[in-house]
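Summary of the model geometry
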Amino acid sequence: AFRPASPVVSTTEWFLMECLDAKAAPMSKHKDMSHKLDECQPWHGHAPFPIDLSQYQKVAIDPWTTTSLSNKDRDALKTNISLCRDALVFFTALGGASGYGGHTGGAFDMMPEVCLADAFFRACPSKFVPTFFDEAGHRVATQYLFAVLHGQMAVDRLLDYRVGHKALPGHPELGLTEGVKFSSGRLGHLWGHVNGVALAEPDRTVCCFSSDGSQMEGNTSEAARMAVAQKLEVKLFIDDNDTTIAGHPSSYMKGFNVGQTLQGHGLATEDVNGEDLDALFASMRRAVLHSGPYAVVIKRSMCPGVADLEGSNEGHDAMPLKHAVQYLQSRGHSEAVQLLQKVPKTKDPYEPYLGAGKFGAPRQVFGESVSRILGQLSSEERRQRVLVVDNDLEGSCGLKKVGETFPEIYLKGGIMERGNFSACAGFSSCSGRCAVFGTFAAFQEMILSEVTMARLNHCNVLCHFSHSGVDDMSDNTCHFGVNNFFSDLGLKSKHAPDTQLFFPADVHQTSKVVEAVFWQSGLRFIYTTRSKVPEILDDTGRAVFGDGYEFQLGKDDLIWGNTTCDGYIVSYGDALYRSLDAVHRLQRMGVAVGLVNKCHVNAVDEDMMQTIGKSKFVLVVESQNLQTGLGLRLGTWLLERELTPKFARCGTHKEGCGGTWEQAYYQGYDSASIVSTVLELFTPQGSKDGALKEAYKGRAVARPLGAVAAGGW
């Protein structure tokens, strides 16, 4: 057991099933923690949910027979909407304040239409598929709240929103959470699925909740055409709050109109004020009674009625603590306010990492590095040679700084990865030009066909895919960026350069990589994590990739050891600093392990292959999918060269556990798991009958345990 001393987590106990001190006693007595799982709730034995959800009234309204709301139903619905919004503000802000994040605004906005749909479902269960299908998965708080209201989940479970190992991830996942009936996947990807549900249930109405952001995605256009052609009983209720991460589509995407776009596909639509309950009921009723697909475009500001936040894109993410406190105080929820103000910040309890320096964000350094390069050009040369396109994730991908500094070459492209990437490809299809494209690594999977087209057209696109891997990813499985190697799918060409993939280890190497490849020809993909990562330090405490380091294409970096080690760990990205920590600890145990950083992940360094291949063992450690990642390639490269060391892999291999820092432990590429795997491959001389293996056998899985201090969290 290990309790970190840091004051930011002093009110949380953490159980580690592995100890990394080289002198530690065997941990066999800690192997079975199953008896503790029932206690592993952040609020176990302490505070109940502070808002009384039993006050939710079970309204039933038959839209076929009810032409207008009665006073009783109207009052009950208004009470329900307010109650739900209060609860959502509390537990999503709780997630934000605790460091697990969350999304308040979308779920808050949609409560009127969801409460009405709930009343429809209750009155006519045989006429509806009673599922709140939602294309905007970040609004998952709606699914969890109504799982409670429908008696499928205990209310106190909401206190674990987005916490690791609590089965309440940042997007709904079928089979993981009680009461959740579908997996949303990525934004704007569910309508086609809903069409299939409607085909399977031709005598029932299927409701799909959507958003203006979801409607930007190309999938929705295809889904609309099918729904119209097949006359499907699909009813869309679209929250059009004119707010995305990057701002307001009405200002940066002139001409985009949700209703008119859908009408162009043949869909019947109407606009309505979402905060006018009677008007909203009338519109939703017309949608249900209409034969065939119908869309109600629900107009409102983001976070309506929330002081200092209404209409702002700040409301998209977890409501900031000051706004949540102000809102809940105005609503009389003093106990909820007190709990919010006490919430501790979650943090990886394993620290310090050996060989690690100051933490920084490579995804932000990408934008800073691009800005420095652009600053070396004249204004006219920038306009002629460079285009930068954001996909509504500018702050997340580090491109915001580029847009603020060089707005003349910067496009806010909205949520349209396929079209935006193709535009970048077209711009850069002439020699001497470079287009910069940024989005999340998970969304790379959506543009693979366009990547092939860009390669065939000899285009010069520099892509930044942030949020690679799984670390710090409470949005969970559907947002994991674990198939980065999919982009390296091109055949060898006599006419075009190879696609190049890079996953730098820290902020210094990120900067060096951008500088080295910015003006190169072809497709260059740079990957960074959502999480901050530390500087990689040598044995003198100096930054390995700092002053004096020059990034070389196709060359691996020997971070630790020499050319005569017992074996080698090959790693990159956020797995490298964990591997370095493990190497330090293994050295204390008498295992001479070298550490290789393979930043240029799809290039073969022949010299390094000979070095590692002639050793006793090779372990690949990565945050990528073990079915598609570096391990498969490196093992193949070794065999092709008739090099046959013992070989193993650590990396992402199962759906996520939720949470942030917990993901790396769960996937088994944390430091303890690396040590354990090395000891399975190699036993140092002098060890007693595998005692070291036994001591490090378990995987390190950290779980939060509840309040321990009287009156505390």
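Before going into details, it helps to say that this report is about the structure given with it. (Residues numbered from 1 in each chain as written. Predicted model: local features only at pLDDT ≥ 70, side-chain atom pairs only at ≥ 80, totals over all residues. Heavy atoms only, no water.)

**Considering the overall build of the chain**
- Per the secondary structure count, the chain includes 23 helices and 20 strands.
- Looking at the chain as a whole, 62% of its 713 residues qualify as buried.
- Partitioning the intrachain contacts of the chain with sequence separation of at least 6 by distance along the chain shows that 79% fall at a separation of at least 24.
- As presented, the chain carries roughly 26600 Å² of accessible surface, and 49% of it is formed by carbon and sulfur atoms. (Helix = DSSP H or I, 4+ residues; strand = E, 2+ residues; numbered from the N terminus. Buried < 20%, exposed > 50% of the residue type's maximum accessible area, 1.4 Å probe, protein only. Contact = heavy atoms within 4.5 Å. Areas by Shrake-Rupley, 256 points an atom, 1.4 Å probe, with all protein chains shown as cover.)

**Considerations on the environment of L309**
- Relative to the elements of secondary structure, L309 occurs in the loop between β6 (294-299) and α10 (321-330).
- Here the alpha-carbon distance between L309 and P320, two residues 11 residues apart in the chain, equals 9.4 Å.
- Not counting residues within four places of it along the chain, the set of residues in contact with L309 comprises M302, C303, E314, G315, M319, P320 and H323.

**Let's talk about the packing of aromatic side chains**
- What the rule picks out here adds up to 30 aromatic pairs.
- Ring centres of W64 and F128 lie 5.5 Å apart, and the angle between their planes is 55°; on these two criteria the pair is classed as tilted. With a gap of 64 residues between them, W64 in the loop between β1 (13-15) and α1 (71-97) and F128 in strand β2 (residues 128-134) connect regions that are remote in the sequence.
- Residue class for W64 comes out partly exposed when judged on its relative accessible area of 31%.
- An aromatic cluster is present here, built from Y56, W64, F120, F121, F128, F132, F146, F209, F237 and F281 joined pairwise through their rings.
- Above the ring of W519, the side-chain terminus of R385 is found at 3.9 Å from the ring centroid.
- Between K654 and the ring centre of Y666, over which it is positioned, the NZ or CZ distance is 4.0 Å. (Phe/Tyr/Trp six-rings, centres within 6.5 Å; stacked < 30°, edge-to-face > 60°. Lys NZ or Arg CZ within 6 Å of the ring centre and 35° of its normal.)

**Looking at the packing of α10 against helix α11 (residues 334-342)**
- Across the interface, α10 lies against α11 with an axial gap of 9 Å and an inter-helix angle of 165°. It follows that α10 is roughly antiparallel to α11 by the angle criterion. The hand of the α10/α11 crossing is left-handed. On the side of α10, the interface is formed by L321, A324, V325, L328 and Q329, while α11 contributes A336, V337, L340 and Q341.
- When grouped by side-chain class, the residues that make up the contact of α10 with α11 number 7 nonpolar, 2 polar and no charged. (Axes fitted to C-alpha atoms, helices over the stretch in contact; angles between N-to-C directions. Parallel < 35°, antiparallel > 145°, perpendicular 65-115°, else oblique. Left-handed = near helix turned anticlockwise from the far one by under 90°. Nonpolar A, V, L, I, M, F, W, Y, C, P; charged D, E, K, R; others polar.)

**A word on unusual backbone geometry**
- For D242, which is not glycine, the phi dihedral falls at a positive 55°.
- Structurally, D242 is set in the loop between β4 (234-240) and α7 (249-252).
- On the basis of relative accessibility, which here comes to 25%, the residue D242 falls in the partly exposed class.

**Re the pattern of salt bridges**
- Tallied over the full model, the rule gives 35 salt bridges.
- One salt bridge connects D278 with R74, and the closest N-O pair in it is separated by 2.9 Å. Taken together, the residues span a long stretch of sequence, with D278 in helix α9 (residues 277-289) and R74 in helix α1 at a distance of 204 residues.
- Overall, the relative accessible area of 16% leaves R74 in the buried class.
- Linking R542 and D538 is a salt bridge whose minimum nitrogen-to-oxygen distance equals 3.9 Å. (Salt bridge = Lys/Arg side-chain N within 4 Å of Asp/Glu carboxyl O.)

**Some remarks on the pairing of strand β18 (residues 617-625)**
- Within β18, 9 of the 9 residues are buried, which leaves it mostly tucked inside the rest of the structure.
- Pairing analysis gives 5 bridges linking strand β16 (residues 567-571) to β18, with the strands arranged parallel. Following the sheet pairing, S571 is matched in β18 by V621.
- Bridge analysis of β18 against strand β19 (residues 646-652) gives 6 bridges, and the strand direction is parallel. (Pairing = 2+ DSSP bridges.)

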